[in-house]
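What follows is the residue order along each chain.
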Amino acid sequence: MTPALRALQDIVGPGGLLTDRVDLIPYSFDGTAELYQLPLAVALPSETAQVAACVRWARENGVTVVTRGSGTGLSGGSVPLPGCLVLCLARLDKILEVDPLNLTLRAQPGVITKEIDDEAARQGLFYPPDPGSMKISTIGGNVAENSGGLRGLKYGVTRDYVMALEVVLADGQIARLGNACVKDVAGYSLKDLFIGSEGTLGVITEVLLKLLPRPAARKTMLATFSSMRAAAEAISAIIAARIIPCTLEFIDQTTLQCVEDYTRIGLPTHAAAVLLIETDGHPAAVADEAARMEEIVRRHGADEVQVAADEAHGAKLAMARRQAFSALARVRPTTILEDVTVPRSRLAEMVGFVSETAQRHNLQIATFGHMGDGNLHPTFLTNERDLEEMRRVHHALSEIVDKTIALGGTVTGEHGVGLAKKDYLKRQFDDASYGLLRCVKRALDPGNLLNPGKIFDLEPA
Amino acid sequence: MAKASLRDLDYKVLQQCMHCGMCLPTCPTYISSKLERHSPRGRIALMRAVADGRFEAGQDLAREMNYCLGCLACTTACPAGVDYGTMFETARAETEANHSSGGPMRRFYRWLVLEQIFLFPRRLRLVGWLLRTYQRTGLADWVRRLKLPYLLGRKIGDLEPQAPGMESPFSDGCIAEVEVPPAGIPVRGRVGLLSGCIQSLAFGSVNRATADVLLANGWEVVTPRLQSCCGSLHAHNGAPELARRAAKALMERFELDGLDAIITNAGGCGSHLKHYAGLFAEGDLATKARAWDAKVKDIHEFLVGTGFRKPRNLAAESESVRLTYHESCHLSHGQGIRNPPREILRALPGFQLVELPESDLCCGSAGIYNILQPEESQRLLERKTGRIAGTAAELVATANPGCHLQLARGLQQRDLPVQVVQPVVLLAEAYRREVSP
Ligand SMILES: Cc1cc2nc3c(=O)[nH]c(=O)nc-3n(C[C@H](O)[C@H](O)[C@H](O)COP(=O)(O)OP(=O)(O)OC[C@H]3O[C@@H](n4cnc5c(N)ncnc54)[C@H](O)[C@@H]3O)c2cc1C
Ligand code: SF4
Ligand code: SF4
């Protein structure tokens, strides 16, 4: 071990530093396909002061820092860079406080998302953002990616629940941004700069989250359709009827089949498309909304509407949907997931374009997504070892991205840019706003130490 | 199907993992360490690196694969259908074959246990007999000098007074080779009974109970004498050749054609017994193994699948005893059998089944893991007994001899007055009480 690494070892203590190949290989990727890189070392700090000391160590030694939560990211955000230090925050995993008077929860960044909602539930409270990965993603990763989830349509995304952050800055200082006040206009909203910053501006070491009262009732249903377009139109009709359900998820047949293969809960695999619809809130409102939505989807061509018998069954259906992405990996060796989002009124058009593109390039694309908020996940089922097919995949991807931008959409709705969508970001941003990204990065991390080269490159290429 | 080396394995098996991490929160070794190398995803990455030639199948890999419990919780959790079991067995076979696994002492004991004892029913019985004598007469010094308890695993060596232990006769001594249902019960068919190795020595009474419930439900029971180990220990510990030998020997003991099913009552054995076909290359043995696999049924699965008779509720049994259920990993994760044992327990008059939190988290027994990795095993055991204590149950049921012994040991360590039982034993007792309450 070099003297520099020994100094780092002293910071994190025994068992807190990994440098052997057998330890590093398991940190050489995240949830993104095709991206692998070994780091120099992995540090597992167990308190904020250690995080700050690690960042200072990195600066002194000219080593770049890649922060990592659970490594479930889907754009390569926590994939290591050559020679970098991975700062894995999995051991900063304590819920520090639930404040039932102010309806807040304070936690370390390594706490698992689901544990936050479970803890809130014990007090009759609710933490709504529920990414598909909530069983294992960390809250720090959620904030750094500004993750969405199945309930985004009604409840918004992670950003809407972050009241304050503690952040270790690139120079090793510790900053506290925001507070427990519902209203706060003191200075720039700096905390917002770090939400969705993908580990490029600072390391989040504590979060203060807003909670809501837990909804008293919930109703879940599945509606089947004989075409994807009919399903997309039913969604538009629900929104047009001024109903905002908490969940409006879309699943195509391929995805449905894979999820059923895994869960075996009797999903209607004969349908070309299925909508998972959930409404929650006051029992009377829930009953009313559910009845109206059932009527609307039937009018728009739903063949069958299956209403969950009880909450447990409803939860099972929602859990099945959360497995969609991983379950798709059953079909082909490599699963490449996109995250394009368009204004809701353009959804049917986008869905149609995706399936035409698949046909044109002779590729297999399964589609599911948070249709209620226009966020689609066209997923390529392919094989990274088949170079010829991969070329076609990247062509098709590029076309889907261009179409998205032409429809006024965004290249990523919730998974972030990381490495995987860097090239597309350039197409979406005009020169002034792209320049602004660089300007912020230079101001906060002048040494380009934190996750450099993620989202965008600092120097014009 | 497991191969001799990771490079020989179909690459698709390794590539199937898309590193989503959904398995991490269910993996016992990841839960306690929060280190990726101790997670399914991390281990798969290491194995794939070996197949790619980026990492050596040396001591580091061996250490990691030996730290894995083989509990298969990851396969239950994995939405992508990753076949972790095959990779795991292949990696263990490769590191055993190239001697990366452990020092000479470990290799000696492994050799003794796997090759010299478990393959030979008579020797195994001799060891069991010695242990029984040991327990009765306290020939402790003599046995300790021979390190016999160590050989068979602490689980048998440390038998506590509350474990059924070697007190009861071995299986062959209490079950006749062919038994027919008592008069008045119409015969529905004929099944073979696997007596198992540990089960037949330490839990002869469980085998007796298994035969009893089958008879009570109208099944003729054939229990061939001197059955050998099914080979699951060998397959999980990197000895595929020995596993093949064990499988062949065991299949020869049964006349397949005349049997409707072959019944196993040990979760750990069952998940291996159902996959003999994977052990053999195409040929007569493979054909025979496929027929065998189709007939092997776990006792709970069989009883519930064929519709078992619910014991009558006698008026005297109005008070109810709190009972909880710990799932054997290879029953729940390995065979996907979760509900049938619970259905049987719920059918018992006089008992109330309460759910055990984390009922499907490994208890740390895991074959011979508790001998080879005592620290992690102990951590898991303490977590488990803590959960059991939390249910305030008087009884904990489990359907695997390894789990049974491990739980009994853990409960005794904590001085908890909870009895360990196997579901079929309770069912057999309930039937018996109908006749003579
Ligand atoms: C099966 C599956 C389903 C998913 N479903 C959804 C979904 O529905 N919605 C959605 O939005 N996402 C989803 N994701 C993507 C992913 O889970 C989220 O992006 C999640 O927030 C990542 O959390 P993590 O802890 O794994 O972070 P990581 O992957 O480890 O890191 C993600 C990024 O955040 C940075 N980072 C992590 N922690 C910190 C910190 N404390 N301070 C600063 N930077 C940090 C990293 O540097 C990296 O850039 C899914 C992923 C999978 C595998
Ligand atoms: S084993 Fe399955 S659940 Fe675990 S990371 Fe791989 S694909 Fe995901
Ligand atoms: S078998 Fe058990 S211990 Fe091994 S990786 Fe899977 S879940 Fe973890």
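How each quantity is defined
- Residues numbered from 1 in each chain as written.
- Chains lettered and ligands numbered in written order.
- Predicted model: local features only at pLDDT ≥ 70, side-chain atom pairs only at ≥ 80, totals over all residues.
- Heavy atoms only, no water.
- Salt bridge = Lys/Arg side-chain N within 4 Å of Asp/Glu carboxyl O.
- Helix = DSSP H or I, 4+ residues; strand = E, 2+ residues; numbered from the N terminus.
- Buried < 20%, exposed > 50% of the residue type's maximum accessible area, 1.4 Å probe, protein only.
- Contact = heavy atoms within 4.5 Å.
- Buried area = accessible area lost by both parts, 1.4 Å probe.
- Polar contact = N/O pair within 3.5 Å; in protein donor to acceptor, adjacent residues only side chain to side chain.
- Phe/Tyr/Trp six-rings, centres within 6.5 Å; stacked < 30°, edge-to-face > 60°.
- Lys NZ or Arg CZ within 6 Å of the ring centre and 35° of its normal.
- Domains from an automatic or database assignment.
- Axes fitted to C-alpha atoms, helices over the stretch in contact; angles between N-to-C directions.
- Parallel < 35°, antiparallel > 145°, perpendicular 65-115°, else oblique.
- Left-handed = near helix turned anticlockwise from the far one by under 90°.
- Nonpolar A, V, L, I, M, F, W, Y, C, P; charged D, E, K, R; others polar.
- Core = buried A, V, L, I, M, F, W, Y, C linked by side-chain atoms within 4.5 Å.
- Pairing = 2+ DSSP bridges.
- Near = heavy atom within 4 Å.
- Areas by Shrake-Rupley, 256 points an atom, 1.4 Å probe, with all protein chains shown as cover.

Counted under the stated rule, the structure contains 51 salt bridges over all chains. As a salt-bridge pair, Lys274(B) and Glu301(B) come within 2.9 Å of each other at their nearest N and O atoms. A residue pair is termed long-range when its members are at least 10 positions apart, and Lys274(B) in the loop between α17 (267-273) and α18 (284-295) and Glu301(B) in helix α19 (residues 299-306) qualify at 27 residues. Of the residues examined, Lys274(B) reaches a relative accessible area of 15% and is grouped as buried. Where Arg309(B) meets Glu434(B), a salt bridge forms, and the shortest distance between an N and an O atom there is 3.0 Å. Of the two residues, Arg309(B) sits in the loop between α19 and β6 (321-325) while Glu434(B) sits in helix α25 (residues 423-435), which places them 125 residues apart along the sequence. Residue class for Glu434(B) comes out buried when judged on its relative accessible area of 12%. Linked through salt bridges whose partners overlap, the residues forming this network are Glu97(A), Arg106(A), Glu166(A), Arg176(A) and Glu206(A).

The subject of this paragraph is the interface of chain B and chain A. The interface of chain B with chain A comprises 33 residues on the first partner and 38 residues on the second. For the pair chain B and chain A, the two sides together bury roughly 3000 Å², of which 58% comes from carbon and sulfur. Ranking the residues of chain B by area buried against chain A places His19(B), Met22(B) and Lys34(B) at the top, with a combined share of 21%. Connecting chain B to chain A are four salt bridges. Counting across the chain B and chain A interface gives 15 residue pairs in polar contact (both at pLDDT 80 or more).

A word on the packing of aromatic side chains. Scanning all chains against the criterion turns up eight aromatic pairs over all chains. Taking 6.0 Å as the distance between ring centres and 25 degrees as the angle between the ring planes, the aromatic pair formed by Tyr84(B) and Phe88(B) counts as stacked. With a gap of four residues between them, Tyr84(B) and Phe88(B) both fall in helix α6 (residues 84-97), about one helical turn apart. With respect to class, Tyr84(B) is no different from Phe88(B); both count as buried. A connected cluster of aromatic rings, assembled from ring pairs, spans Phe254(B), Tyr276(B) and Trp292(B). Arg385(A) extends its terminal NZ or CZ atom over the ring of Tyr11(B), reaching a point 3.4 Å from the ring centre.

Attention now moves to the domain arrangement of chain A. Residues and elements named next belong to chain A. Taken as a whole, chain A is organised into domain 1 (3-88), domain 2 (95-213), domain 3 (217-320) and domain 4 (332-447). For domain 2 and domain 3, the distance between their C-alpha centres works out to 29 Å. Each partner contributes residues to the interface: domain 2 has seven residues there, and domain 3 has ten residues. Summing both partners gives a buried area of about 820 Å² for domain 2 against domain 3, and 58% of it is carried by carbon and sulfur. Together, Leu150, Leu153 and Lys154 form the three largest contributors to the area buried by domain 2 at its contact with domain 3, with a combined 67%. Summed over the shared surface of domain 2 and domain 3, the result is one salt bridge. Inspection of the domain 2/domain 3 interface yields three residue pairs in polar contact (both at pLDDT 80 or more). The element contributing the most residues to the side of domain 2 that touches domain 3 is helix α6 (residues 152-155), with four residues.

All right, on to the packing of helix α14 (residues 204-216) of chain B against α25(B) then. The packing of two helices is summarised by the inter-axis angle and the distance between the axes. All names here are of chain B. Two numbers describe how α14 lies on α25: the axes approach to 8 Å, and their chain directions differ by 55 degrees. Relative to α25, α14 is oriented oblique. The crossing of α14 and α25 is left-handed. Residues Val206, Ala209, Thr210, Asp212, Val213 and Ala216 of α14 form the contact with α25, whose own contacting residues are Val424, Val425, Leu427, Ala428, Tyr431 and Arg432. Class assignment of the residues belonging to the contact of α14 with α25 gives a composition of nine nonpolar, one polar and two charged.

Okay, the nonpolar core next. Judged by nonpolar contacts, the single largest core of 74 residues is most densely connected at Val42(A), Met47(B), Phe55(B), Leu61(B), Tyr84(B) and Met87(B). Per-element tally for this core: the top contributor is helix α3 (residues 40-52) of chain B, with seven residues.

Residue and element names in this part refer to chain A. Pairing within the open sheet is antiparallel, and its five strands lie in the order β5-β6-β10-β8-β9. The sheet terminates laterally at β5 (95-99) and β9 (174-178), the two strands that pair on one side only. For this sheet, the mean inter-axis angle between neighbouring strands, taken without regard to orientation, is 15 degrees. Here β5 pairs with strand β6 (residues 104-107) via four bridges, running antiparallel.

So, about helix α21 (residues 339-346) of chain B. Along α21(B), the residues classified as buried are Pro340(B), Pro341(B), Arg342(B), Ile344(B) and Leu345(B). Packed against the buried residues of α21(B) are α19, β6, α20 (329-332), β7 (351-354), β8 (395-397) and α25 of chain B.

Another aspect to go through is the sheet that holds strand β3 (residues 219-222) of chain B. Residues and elements named next belong to chain B. The sheet built from five strands is open, its strands ordered β1-β3-β2-β4-β5 with mixed pairing. At either margin of the open sheet sits one strand with a lone partner, and together these are β1 (178-179) and β5 (296-298). Sheet topology places strand β2 (residues 189-193) next to strand β4 (residues 261-264); three bridges connect them, and they run parallel. Opposite Leu193, over in β4, you have Ile263 as the bridge partner. Strand contacts of α14: β1, β2, β3 and β4, with the helix running at about 150 degrees to β3, the strand carrying the most contacts. Against the sheet, α18 contacts β4 and β5, and its axis sits at roughly 25 degrees relative to β5.

Residues and elements named next belong to chain A. Surrounding ligand 1, one finds 36 residues, the nearest of these being Thr67, Gly69, Thr72, Ser133 and Thr138. One of the backbone N or O atoms of Thr67 is found 2.6 Å from an oxygen atom in ligand 1. A distance of 3.1 Å is found between an oxygen atom of ligand 1 and a backbone nitrogen or oxygen belonging to Glu198. Protein coverage of the free-state accessible area of ligand 1, which is 970 Å², stands at 99%. Elements that contribute at least two residues to the shell around ligand 1 include exactly β3 (65-68), α5 (139-145), β10 (202-210) and α12 (324-328). With five residues, the top contributor of residues to the shell around ligand 1 is α5. Per-class residue counts for the shell around ligand 1 are nine nonpolar, 23 polar and four charged.

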